[in-house]
Amino acid sequence: MAKKAKKAMDFKTTADITVNPEIVNQVIGQENAVNIIKRAAAQRRHVLLIGEPGTGKSMLGLALAELLPKENLRDVISFPNPNDENSPLIRTMPAGQGRNLVAKARVEAGSIIKNYNVIFFIIIIAISFYEYWLWRSGRISDIIFAAAMITTVVMIVGINLMMSLGKKMNNQKVSVPKVIVDNYRKKNAPFFDATGSHAGALLGDVLHDPFQSGGLGTPAHERVVAGMIHKAHMGVLFVDEIATLQPTTQQELLTSLQEGKYAITGQSERSAGAMVRTEAVPCRFILVAAGNIETLKHLHPALRSRIRGYGYEVFMNETMEDTAGNRERIARFVAQEVVKDKKIPHLSRAAVMEILEIARRMANRKKHLTGRLRELGGLVRAAGDIAVKAKAKIVEPAHVEEALTVARTLEQQLADKHIERKKEYEVIITKGARVGRVNGLAVIGSGSALSGIILPIESAVTPGGKEAQIVATGQLGDIAKEAVKNVSAIIMKHFGQDIKEHMDIYIQFLQTYEGVEGDSASIAVATTILSALKDLPIKQDHAMTGSLSVRGEVLPIGGVSSKIEAAISTGIKCVIVPRSNMQDIIVDKKKLKKVRIIPVDTIIDVWKEALVWTGKKDLLKKITHE
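Residue numbers restart at each chain and count upward from 1, following the sequence in its written direction. Confidence filtering applies because this is a predicted model: local features only for residues at pLDDT of at least 70, side-chain atom pairs given and counted only at 80 or more, and all residues used for totals across whole chains, interfaces and linings. Heavy atoms throughout the structure, all of them, feed into the side-chain values; hydrogens and water do not.

Enquirer: Tell me about the sheet that holds strand E3 (residues 89-94), residues and numbers included.
Expert: Pairing between strands is defined by DSSP: at least two bridges between them are needed. Numbering of helices and strands starts at the N terminus; helices are DSSP runs of H or I of at least 4 residues and strands are runs of E of at least 2. Taken together, the 3 strands give an open sheet; going across it, the order is E3-E2-E4, and neighbouring strands pair in antiparallel fashion. Two strands bound the open sheet, and with one partner strand each, they are E3 and strand E4 (178-181). Between one strand axis and the next, the sheet turns through 35° on average, direction left out of account. Pairing of strand E2 (residues 74-79) with E4, which is carried by 3 bridges, proceeds in the antiparallel orientation. By the bridge assignment, Ile77 is partnered in E4 with Val179. What counts as an axis is a line fitted to C-alpha atoms, over the stretch in contact for a helix, and the angles between N-to-C directions run from 0 to 180 degrees.

Next up, the structure:
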């Protein structure tokens, strides 16, 4: 198995890697989703894809359309209704024939108008010659002849005006049907991305007619516009962030799914189009809906039930195991991005290895690679752009490393500014020891866009004992407040007699204008309280992160790699982390040499390492043996 993997990764550049043209084979790290998409295409089932952005949801929708049979496509034509002009008739015919029908109708209409023009032209010429003959023969005077010629000119203008404005009078004879769904020369099943579409674009609409009366109006059937649900007939309708659709629109989408046909009417109640309603228009499409976990809260229950009852729900993988097969797939993904972009050179094998290392870091999970490949693709393109600027024929690791700096996420840029400003104003201290002050660690952003920041925390103990609990400030979220309560339990366990009715404890998360969420600062809060309570200095070249149980056990947290990178960039020498997070640390080896990682199991382990116990060894022994 290892031998095969080695052979698969044995390439000089990504130009040596074969890129499969089929979209379904270009989806990386989503084997379960790919299998379901294949099944959905074979059985024409709906699919709901739930996952973070960049995991391949839209590609799966395209893949489903590509897998559908390339037949049964139909043109949809809107005809005038001789009995009710506000109820246009709808007919379908094989793809490509709609244009021919309309072309023939236009020729016939043109022939009718042309015949009318010829007849009127002959009549006018005859009248003119007759008037001229009467004048030349002396049967009418000059004045009468002039008046007759003027009358003839006025008649010509009037007839032209009648023919221009009176089209509606001959509607039944010369009206041309309109192709509202045109599949001329289309061989593949249609795919329409309706993400963010308003109701008219999705469900169809009837255009407003400002000239509704006086014979000047546009016939209703000519104002009909098909929606994406109709254009996707026998194909795929893809809707990302489907919960952003209005509830009424979701309900109408459900109706179209159930019936397989949906009449078009004006979406604006104040428009003349609202008076028009066509016959039902076919719309037998496969719905591929997408979103994240929050989408489920706002998705119409009946619509979700319809998808689940007649299709599949899929949770997208955010990471994939770091196996030889998946490393090969990432390499193929890099080759795909180069081929798709068409503007950047191929990557060397060493550059691909660098991309793989970044994929490990982005996964934020030991022995895994990221599944959010859109962001990884952005890095490939950034590295390619740098190589183009440098006039390099191949993208090398140096270009990838530079791309990491150039193509930093907004969260990373904000984190850098956050650290820079706090160091500038000495909010962050990395030398010496101080009582009641600790360097906590936090993250901003989400998913693979996490960026670490230093979170200074201070505590103060005051005489009184009137407060019922420890008071914490800094725009704390609900989880952070609960974490402070857990810390309170630990402090009361060890020092309850010293505090109760004697002292109040205040905690401040310094300059956290954006607020604090999560419980990863728990061990930092417990450490700063003990420091302030017992006058124990905290080593400022240490930073720490970890959650706490009420029994004092240090629990794992998220974003450990990003937090360690922030500590390194700030000049911190030691970082205390939960032992269970050691397997999740994926940081560049060169950077990792600049810091000592200290794994801990309990809050006692944290206190032993972070506090200066000079002159207070007895207190340490007491805490240790409690």
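From this point on, the discussion continues.
Enquirer: Go over the packing of helix H12 (residues 324-341) against helix H13 (residues 349-363) with me, naming the residues and quoting the values.
Expert: It is the contact of H12 with H13, at a shortest axis distance of 10 Å, that shows an interaxial angle of 115°. For H12 against H13, the interelement crossing comes out right-handed. Two secondary-structure elements touch here, H12 through Arg327, Ile330, Ala331 and Val334 and H13 through Val352, Ile355, Leu356 and Arg360. Classifying every residue of the contact of H12 with H13 gives 6 nonpolar, no polar and 2 charged. Crossing handedness follows the turn of the near helix against the far one: under a right angle anticlockwise gives a left-handed crossing, and clockwise gives a right-handed one. In this analysis, two residues are considered to be in contact whenever any of their non-hydrogen atoms come within 4.5 Å of each other. Side-chain classes follow a simple rule in which Ala, Val, Leu, Ile, Met, Phe, Trp, Tyr, Cys and Pro form the nonpolar group, Asp, Glu, Lys and Arg form the charged group, and the remainder, Gly included, forms the polar group.

Enquirer: Tell me about the environment of Lys57, and please be specific about residues and values.
Expert: Its location among the elements puts Lys57 in helix H3 (residues 57-67). When the C-alpha positions of Lys57 and Gly291 are compared, they lie 8.7 Å apart, and in sequence the two are 234 residues distant. Apart from residues no more than four positions distant in its own chain, Lys57 is found in contact with Leu49, Gly51, Glu52, Phe238, Asp240, Ala290, Gly291 and Met316. Of note is the side chain of Lys57, whose polar atom sits 3.0 Å from the backbone oxygen of Glu52. For the purposes of these results, a polar contact is taken to be a pair of N or O atoms within 3.5 Å, where, inside protein, one atom must be able to donate a hydrogen and its partner to accept one; residues adjacent in sequence count only when each atom of the pair is a side-chain atom.

Enquirer: An account of the confidence of the model for the protein is needed here, citing residue identities and associated values.
Expert: In low-pLDDT segments, the atomic positions of the prediction should not be examined closely. Looking at any residue, its pLDDT shows the predictor's confidence there, from 0 to 100. Across the protein, the average pLDDT comes to 83, with 84% of residues at or above 70. With pLDDT under 50 throughout, residues 1-6 is counted as low confidence; its partners more than four residues away or in other chains account for 1 contact. When the criterion is pLDDT under 50, residues 167-173 qualifies, and its contacts beyond four places in sequence or with other chains add up to 10 contacts.

Enquirer: Tell me what's going on with unusual backbone geometry, and back it up with residues and numbers.
Expert: Backbone geometry places Glu241, a non-glycine residue, at a positive phi of 50°. For the exposure calls, accessible area comes from a 1.4 Å probe over protein chains only, and a residue counts as buried if that area is under 20% of its type's maximum, exposed if over 50%, partly exposed in between. Here Glu241 falls in the partly exposed class, since its relative accessible area comes to 31%. Look at Asp535: it is not a glycine, yet its phi comes out positive at around 60°. Residue placement: Asp535 occurs in the loop between helix H18 (522-534) and strand E20 (537-539).

Enquirer: Can you tell me about helix H11 (residues 301-309), naming the residues and giving the values?
Expert: Listing the buried residues of H11 in full gives Leu303, Arg306 and Ile307. Projected down its long axis, H11 carries its buried residues within an arc of 95°, all on one side. Exposed and oriented more than 90 degrees from the buried face of H11 are Pro301 and Gly309. Next to the buried residues of H11 lie strand E1 (46-50), helix H9 (247-259), strand E11 (286-291) and strand E12 (311-315). It is the directions from the helix axis to the C-beta atoms that the arc portrays.

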